[in-house]
Amino acid sequence: MPEVASEPAARTLRSVQAGERATVASVSGRGPTRRRLLEMGVTPGAIVKVERVAPLGDPVEVSVRGSRLTLRKADIDMVIVRPVGAISPASP
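Being a predicted model, the structure only gives us computed values, none of them experimental.

Once that is clear, we can look at the pattern of salt bridges. Between side chains of opposite charge, a pair can form when the charged atoms approach closely. Scanning the model with the defined rule gives 7 salt bridges in all. Of the charged contacts in the structure, one is a salt bridge between Glu61 and Arg52, with a shortest N-O distance of 2.7 Å. Residue classification places Glu61 among the buried positions, given a relative accessible area of 13%. Here the residues in one salt-bridge network are Glu51, Arg52, Glu61 and Arg68, joined through shared partners.

This is how it looks when you write it as structure tokens:
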């Protein structure tokens, strides 16, 4: 029986360490915060890099699509990511 490659586990953007990159899998939630994240470029398929984390863990500075965003913990908990190596070879 052929072995099926499993996808890396999805996790929230909060679990990504400073200096690491990840691919946005989805943005959960509803309402204006979700809409604002999508407007700022945090969309499925986008690569985000955690630049810095404040000493108490809030806020977090990330770069996405050439922009740097400073997001609160509550906001980054809405962003589901996969390790950057999880990008499908068919993706542009």
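Attention shifts here to the sheet that holds strand β5 (residues 67-71). On the basis of which strands lie adjacent, the open sheet formed by 6 strands has the order β1-β6-β2-β3-β4-β5 and antiparallel pairing. Taken across any chain shown, the strands that pair with only one partner, and hence form the sheet edges, are β1 (11-12) and β5. Across 3 bridges, strand β2 (residues 21-27) lies against strand β3 (residues 47-53) in antiparallel orientation. Directly across from Arg21, in β3, lies its bridge partner Lys49.

Tracing the backbone shows Gly41 in the loop between α1 (32-39) and β3. Distance in space between the C-alpha atoms of Gly41 and Val64 is 6.8 Å, their sequence separation being 23 residues. Aside from chain neighbours lying at most four places away, what touches Gly41 is Ala46, Val64 and Arg65.

It is worth spelling out the environment of Val42 at this point. Along the chain, the position of Val42 falls in the loop between α1 and β3. Judged by relative accessible area, which is 2%, Val42 ranks as buried. Residues Val42 and Val27, spaced 15 residues apart in sequence, show a C-alpha to C-alpha distance of 7.8 Å. Residue contacts for Val42: discarding those within four places in its chain leaves Val24, Val27, Leu37, Val64, Leu69 and Val79.

What follows concerns the nonpolar core. In this structure, Leu13, Val24, Leu37, Val42, Val62, Val79 and Val81 are the most contacted members of the largest nonpolar core, which totals 19 residues. Those elements giving two or more residues to this core turn out to be β2, β3, β4 (60-64), β5 and β6 (79-83).

Another aspect to go through is unusual backbone geometry. Of note, the amide linkage connecting Asp58 to Pro59 takes the cis form, showing an omega dihedral of 5°. In this structure, Arg65 is a non-glycine residue whose phi angle is positive, near 50°. Tracing the chain through its elements places Arg65 in the loop between β4 and β5. For Arg65, a relative accessible area of 56% puts it in the exposed group.

Basis of the calculations
Residues numbered from 1 in each chain as written. Predicted model: local features only at pLDDT ≥ 70, side-chain atom pairs only at ≥ 80, totals over all residues. Heavy atoms only, no water. Salt bridge = Lys/Arg side-chain N within 4 Å of Asp/Glu carboxyl O. Buried < 20%, exposed > 50% of the residue type's maximum accessible area, 1.4 Å probe, protein only. Pairing = 2+ DSSP bridges. Helix = DSSP H or I, 4+ residues; strand = E, 2+ residues; numbered from the N terminus. Contact = heavy atoms within 4.5 Å. Core = buried A, V, L, I, M, F, W, Y, C linked by side-chain atoms within 4.5 Å.

These figures come from the coordinates and say nothing about function on their own.
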